[in-house]
Amino acid sequence: MNTRRDVLRNGLAASTFAAFGSLGLTTGVGAADSLEDDGVWFDTASLSMSPDEFQFNAQFLHHDALYGLYAPFTAYRVESDEFHPHFVEDWTVEDGSMTLHLREDFTWGGAGGGDPITADDVVLHLELRAYVDDEFSWFVDGIDAVDDHTVELTFPAGTNPDLVVYSVLDYSLTHPPAAFGDDHDDLVAGDDPSYPGSLQETVVPSGPLELVEETDEYHAYGVRDGHPAAADIDWDGYRMWARESNTDALASLEDGSLDGFATQWSSDDPLPETAERVSVSDGVGVAVQFVHDSEHFRSRTVRRAFMYALDREAIVDDLTAGTAIHHERPTGLSAQSAQRWLGDTLETYDAYEQDHDRVTELLESAGYELVDGTWRRASQSLTVDIATDGQPRWAEVAAEIVSQLSEAGFDATLVVEPDIVHKLVDGDLEADAVVSGFLPGAVFRAQARQHHPYFALLLTLLISRYAPFDYGYPTTVSVPSMTGTCSELVDIEDCFERFETATDPAEQRDIVETLTWVFNQDLPAAVIMEPTIQTVVDRSRWTVPDDSPYLETRAPLWWLALEGDLQPAGDGPDLEINGYTPAPYGDDGLYRDITGDGRVGFNDVVTFFEHHDDATIQDHPDLFDFDGSGRVGFNDVVALFESI
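Residues numbered from 1 in each chain as written. Predicted model: local features only at pLDDT ≥ 70, side-chain atom pairs only at ≥ 80, totals over all residues. Heavy atoms only, no water.

It is worth spelling out the confidence of the model for the protein chain at this point. For the protein chain, mean pLDDT is 87; residues scoring 70 or higher make up 91% of the total. Considering only residues more than four positions removed or in separate chains, one finds that residues 1-36, a stretch of pLDDT under 50, has 90 contacts. (pLDDT = per-residue confidence, 0-100. Contact = heavy atoms within 4.5 Å.)

Set out below in C-alpha cells:
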C-alpha cells in the first residue's frame, strides 16, 4: 500500500515542479490551433512557474488554475471559518455518519465526454485518496454511494465530527474515472494500483473551465459550454502567463497586458491607481524547524535564545512589504484560528520580541559564554547550520535569519540543499534546523485543514503523521504550567488521541490550549511569519463586488469567476470619438479612458476637451458626467484632468 509518506517521498521534492510539468499532459490543442485575439479574456500570471512547468495531476503539487478546472467540493472562507456549498450543495453530520448531497448538473469535460458526475465518481475519488492515507481516512471507515447524487461516509461513534468535515469538504474533484478508473478497479479487486504514480495524460475537467491552448508563453482556460458553474461567466476564460517578479507583474498590470494576479510575497512597488489588493492567509506559514537531536537545539533554553535573537517583525516588513502576518505570540496555529480558539487567553502566551539581553541571560544559564563575539561552551562555538532548498524566497528568509543570529553571537551558516526532502527521508541532512512550513496548506493544497488546530499542530508536533521523517521532537515534554511556576508533563500523542474523540467544545478548547502552550513554551519550531496570498485586480477593466464572500477564499481570482462575482467592466455601449473607442475606467462605469488604451492620461483629457460637445458624448451623459452634475460640460473636463 502507498501511504502519504510514499507520496511525499516521491512527489513533494522541489524538483517535481519540473519533473511532472514535462510529462506532456495535453488536450490535443497544438500551436496551429492558437486562439484568436478577439474575445474577452482575463489575463493573469504565475509568479512561481513558467507555463512549461504547469501540470494538472492534483495528487502532486499544482497551481491555482486547478480551482477552475476541477470542481471544489466547497469554498472555505478563512475569516469567517465557514464552508460555502459548491459541488457539494449540502451536507449533514450525525453521530457516526456524514452525508454529502451533490449537485446533479455537474459533468466531466474532455475525455469524460460530458458524462454526469455521480456519487460513484466521488466514491472513486475518496477511496483512492484513502489508499494514500489522506487525513479523512484516519477517521472514516466506510464510503458508500446511497444513490446517484448522495454519498455517505461512516465513522466510529464518538469521533470528533469536525475532523471529518474539515478533511472531506476541503477536496476538489480531481480524479475522473476516464483517467483513474483502472486504478480504482485494481483497488476494489484487492490488487495494488499504480496510483499515485499514474498520471492523467489529458485534462478531464469537472469544473467550469477547460484547458484549450498550451504555448511556451501562456496556457488558456476556456469556459465550458453548459457547465452550471459557468452560467455566470459571460466572458471567454483565463490566459495564464508567467512573470518573474511582483515588479514585473505590476508593470504588466499598469500597461494593460495583465488584468490581475496573485502572489504570496508582495513588494514595495506601488499599485496602479485603478488596482485593488485583497489578502488572505495562504495557510502555509514559514518557520525554522529545529532538529531536536542536534548538539545545541536539544536544549529548550537554546531554542528560546534563538527566538529572542530574531526581529521577526522586521523580516516580515523587509521581505514581504509588511503583507505577511507577524505572530507576536507563536502558537503553531494560523493567526485566524489562534484568535478563534484562544481569544483573550492568547495574551498569557510568551511574546518573543528581539531582546539580546534575554539571549545573554538564557545562554549563560545554559553554560555558554561570549568569546570574541561568539557564544561558546566547552571551547565549542554555538554552531547553527540552517538548511533551505534554495527556492529564492525561502533562501531570503534563511539568509536574514542567519544574519540576525550572527549579530547575536551565534555561529550561523546558511546551507542550500536542493534535495532537502530526500535528505530528510534518508537521514542524510547535515543541518541543525530547516526553513519549512508550520501549517499544512502546502500538503496537497489544502484550503481549510490548515485553519483547524488538530491538523495545524499535528504538522509540527507529530510531523511523522504527514511525512516519512521527523525532526526528533519528543512526544512527551515538560513545560511550565499555565497557572503557576510548576512544570507539567504533557503526553502529546495522548492529547491528539483525545482530540480525535472530543465532541464537547469545552474539551476541545482545553486540548488546544494545552498543545498551543507546549508550542509556545517548548518551541518545537520557530515561527517566522504567515504569508498571505495577495490578489490584485484592475478594477477599471473588471468589477468585483466589495462584499463578495469569495474574497475570503484562498484563490479569489478563480472563486470570484466560479460564483459570478468577476465580470468585465466594459459592458456599456460601443462608442467612437475621433477614431478612438472609449472605455470604462474605475468601478463606477464612467468612460474616463477616452482613447481606449487601458489607462487614463493627458491624451484622454485633451481628446475629451476637444470633443466634449460632440453628439456622441452629449447623448450619453451617464457615461461622461465626471463631476456628477447630470450633464456634460467643461467642468467634466476639469474633473477628468484632476482625476489623473
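Where nonpolar side chains cluster on the molecular surface, the patch consists of Phe-602, Phe-641 and Ile-644 and spans about 320 Å² of accessible area. Checked against the element boundaries, Phe-602 lands in helix α18 (residues 602-611). Residue Phe-602 is classed as exposed on the basis of its relative accessible area, which comes to 56%. (Patch = residues over 30% accessible without salt bridge, like charges linked within 9 Å, V, L, I, M, F, W, Y side chains within 5 Å. Areas by Shrake-Rupley, 256 points an atom, 1.4 Å probe, with all protein chains shown as cover. Salt bridge = Lys/Arg side-chain N within 4 Å of Asp/Glu carboxyl O. Helix = DSSP H or I, 4+ residues; strand = E, 2+ residues; numbered from the N terminus. Buried < 20%, exposed > 50% of the residue type's maximum accessible area, 1.4 Å probe, protein only.)

Attention shifts here to the sheet that holds strand β7 (residues 150-154). Pairing within the open sheet is antiparallel, and its four strands lie in the order β4-β5-β7-β6. In this open sheet, the two edge strands, each paired with only one partner strand, are β4 (88-94) and β6 (142-147). On average, each strand axis in the sheet is tilted by 20° relative to the strand beside it, whichever way the strands run. Sheet topology note: the β6/β7 ladder contains five bridges and is antiparallel. Paired with Asp-144 across the bridge in β7 is Glu-152. The sheet strands contacting helix α5 (residues 161-168) are β4, β5 (97-102) and β7, and the helix crosses β5 at an angle near 30°. (Pairing = 2+ DSSP bridges. Axes fitted to C-alpha atoms, helices over the stretch in contact; angles between N-to-C directions.)

With that out of the way, let us pick up the packing of helix α15 (residues 492-500) against helix α16 (residues 505-522). Axis separation between α15 and α16 bottoms out at 10 Å; the angle between their running directions is 155°. On the basis of their axis angle, the class for α15 and α16 is roughly antiparallel. Between α15 and α16 lies a crossing whose hand is left-handed. Here Ile-492, Cys-495, Phe-496, Arg-498 and Phe-499 of α15 come into contact with α16, specifically with Glu-507, Gln-508, Ile-511, Val-512, Thr-514, Leu-515 and Val-518. Tallied by class, the residues present in the contact of α15 with α16 amount to eight nonpolar, two polar and two charged. (Parallel < 35°, antiparallel > 145°, perpendicular 65-115°, else oblique. Left-handed = near helix turned anticlockwise from the far one by under 90°. Nonpolar A, V, L, I, M, F, W, Y, C, P; charged D, E, K, R; others polar.)

In this structure, Tyr-585 sits in the loop between β25 (567-568) and α18. The buried category is assigned to Tyr-585, whose relative accessible area is 14%.

The subject of this paragraph is the side chain of Glu-513. Within the secondary structure layout, Glu-513 lies in helix α16. It is Arg-509 that comes nearest to the buried, bridge-free Glu-513 among opposite-charge side chains, at 5.8 Å. Beyond its immediate sequence surroundings of up to four residues, Glu-513 is in contact with Leu-342, Thr-345, Tyr-349 and Met-482. (Lys, Arg positive; Asp, Glu negative; His and termini not counted.)

This part covers the packing of aromatic side chains. Under the definition given, this model contains 35 aromatic pairs. Plain terms: the ring middles of Phe-42 and Trp-235 are 6.4 Å apart, the flat faces sit at 45° to each other, and that makes the pair tilted. Of this pair, Phe-42 sits in strand β1 (residues 41-46) while Trp-235 sits in the loop between β9 (219-223) and β10 (237-242), and the two are 193 residues apart along the sequence. In this structure, Phe-42 and Trp-235 share a single accessibility class: buried. Measuring from ring centre to ring centre gives 5.6 Å for Tyr-454 and Phe-496, while their planes differ by 80°; the resulting arrangement is edge-to-face. (Phe/Tyr/Trp six-rings, centres within 6.5 Å; stacked < 30°, edge-to-face > 60°.)

It is worth spelling out the nonpolar core at this point. Grouped together as the largest cluster of nonpolar side chains are 86 residues, with contacts concentrated most on Phe-87, Leu-100, Val-151, Leu-153, Tyr-454, Ile-492 and Phe-496. The residues touching Phe-496, leaving out its near neighbours within four places in the chain, are Tyr-454, Leu-457, Leu-458, Leu-461, Leu-462 and Leu-515. Counting residues in each nonpolar core, the second largest holds 40 residues, with Tyr-308, Ala-309, Leu-310 and Val-397 among its members. (Core = buried A, V, L, I, M, F, W, Y, C linked by side-chain atoms within 4.5 Å.)

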